[in-house]
Amino acid sequence: MSLGDWEVAVTSGKVYTYADYCQLPDGAPYQLIGGRLILTPSPTTYHQMISARLEFALMDFVKEHTLGIVLHAPIDVYFNQTETYQPDIIFISQDRMNIIEPKRINGAPDLVVEILSPATAYYDLRHKFRVYERYGVKEYWIVDPEESSIEVFIREGEKLSLSQCLEERGQVTSSLLQGLTVSLESIFEG
């Protein structure tokens, strides 16, 4: 099936599964969200700059402290037959490296960073948030380039609860990665 055929097929109302998702051509810009193949267009250059700055900050900290691994999109994170996402940035702790498979991450990363874009903001804030919560993500960062803000949600029992909400200035910290602080000014600079 060509990519054009898939574009027609995704509007059919069919519930798609991971098996269908695996039939997409390599590099096809879709995520499997709630049994729907959701088109995720290429990010803007500003989105990519923010992603790179955050990723390097996380990667440097994680490497320095030998805590695990930081990976970035596109990488498939499989939750169940109808939920496979490509978060912008993920962290997997050293003791959970077994969820890394050759073609996908099989289960919830410890930390997920989603950078909002017009095409996916609804899913990042609503549907994916609930799936991350249900499957045990320990910390979830929502980065909003338009507002120059970062919200950090941390696991409290079965729920992800808002821990920090910073806009334009200040230091965001991680409760999962003790000692990590990231300056908003350094992330959202021109």
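Residues numbered from 1 in each chain as written. Predicted model: local features only at pLDDT ≥ 70, side-chain atom pairs only at ≥ 80, totals over all residues. Heavy atoms only, no water.

## Observations regarding the overall build of the chain
Within the chain, the secondary structure is distributed over 6 helices and 13 strands. Counting only C-alpha atoms, the chain reaches 45 × 35 × 25 Å along its principal axes. The buried share among the 190 residues of the chain stands at 47%. The contacts in the chain between residues at least 6 apart in sequence include a share of 50% that link residues at least 24 apart. Total accessible area on the chain is roughly 9,600 Å²; 52% of this is exposed by carbon and sulfur atoms. For the chain, the centre of its 15 positive side-chain charges and the centre of its 27 negative side-chain charges are spaced 6 Å apart. (Helix = DSSP H or I, 4+ residues; strand = E, 2+ residues; numbered from the N terminus. Buried < 20%, exposed > 50% of the residue type's maximum accessible area, 1.4 Å probe, protein only. Contact = heavy atoms within 4.5 Å. Areas by Shrake-Rupley, 256 points an atom, 1.4 Å probe, with all protein chains shown as cover. Lys, Arg positive; Asp, Glu negative; His and termini not counted. Charge placed at Lys NZ, Arg CZ, Asp CG, Glu CD.)

## Some thoughts on the sheet that holds strand β3 (residues 68-72)
Strand pairing in a sheet takes place through backbone hydrogen bonds and is either antiparallel or parallel in direction. Pairing is mixed in the open sheet, where 6 strands are placed in the order β3-β6-β8-β9-β10-β11. Both edges of this open sheet fall to β3 and β11 (159-167), since each of them pairs with a single strand only. Direction aside, neighbouring strands of the sheet carry axes that sit 15° apart on average. In this fold helix α3 (residues 45-64) packs onto β3, β6 (89-93), β8 (111-115) and β9 (139-144), with an angle of close to 170° to the strand it touches most, β3. (Pairing = 2+ DSSP bridges. Axes fitted to C-alpha atoms, helices over the stretch in contact; angles between N-to-C directions.)

## With respect to the pattern of salt bridges
Inspection of every chain in the model, using the stated rule, returns 6 salt bridges. We note a salt bridge from K138 to D110, for which the minimum N-O separation is 3.0 Å. Of this pair, K138 sits in the loop between α5 (127-135) and β9 while D110 sits in the loop between β7 (105-106) and β8, placing them 28 residues apart in sequence. Accessibility expressed as a relative area gives 35% for K138, which makes it partly exposed. Across the pair D124 and K128 runs a salt bridge whose closest N-O atoms are separated by 3.1 Å. Among the residues examined, D124 registers a relative accessible area of 0% and is labelled buried. One network of salt bridges, with partners in common, ties together R96, D110 and K138. (Salt bridge = Lys/Arg side-chain N within 4 Å of Asp/Glu carboxyl O.)

## Quick look at the side chain of S161
The topology assignment puts S161 in strand β11. Sequence-distant contacts of S161, that is, excluding residues within four places in its chain, are made with V152, F153, I154 and E156.

## Considerations on α5
Buried within α5 are the following residues: K128, F129, V131, Y132 and E133. Just beyond α5, the residue with positive phi is G136, at close to 100°.

## Some remarks on the environment of P41
You can see P41 is positioned in the loop between β2 (36-39) and α3. P41 sits in the partly exposed class, given a relative accessible area of 47%.

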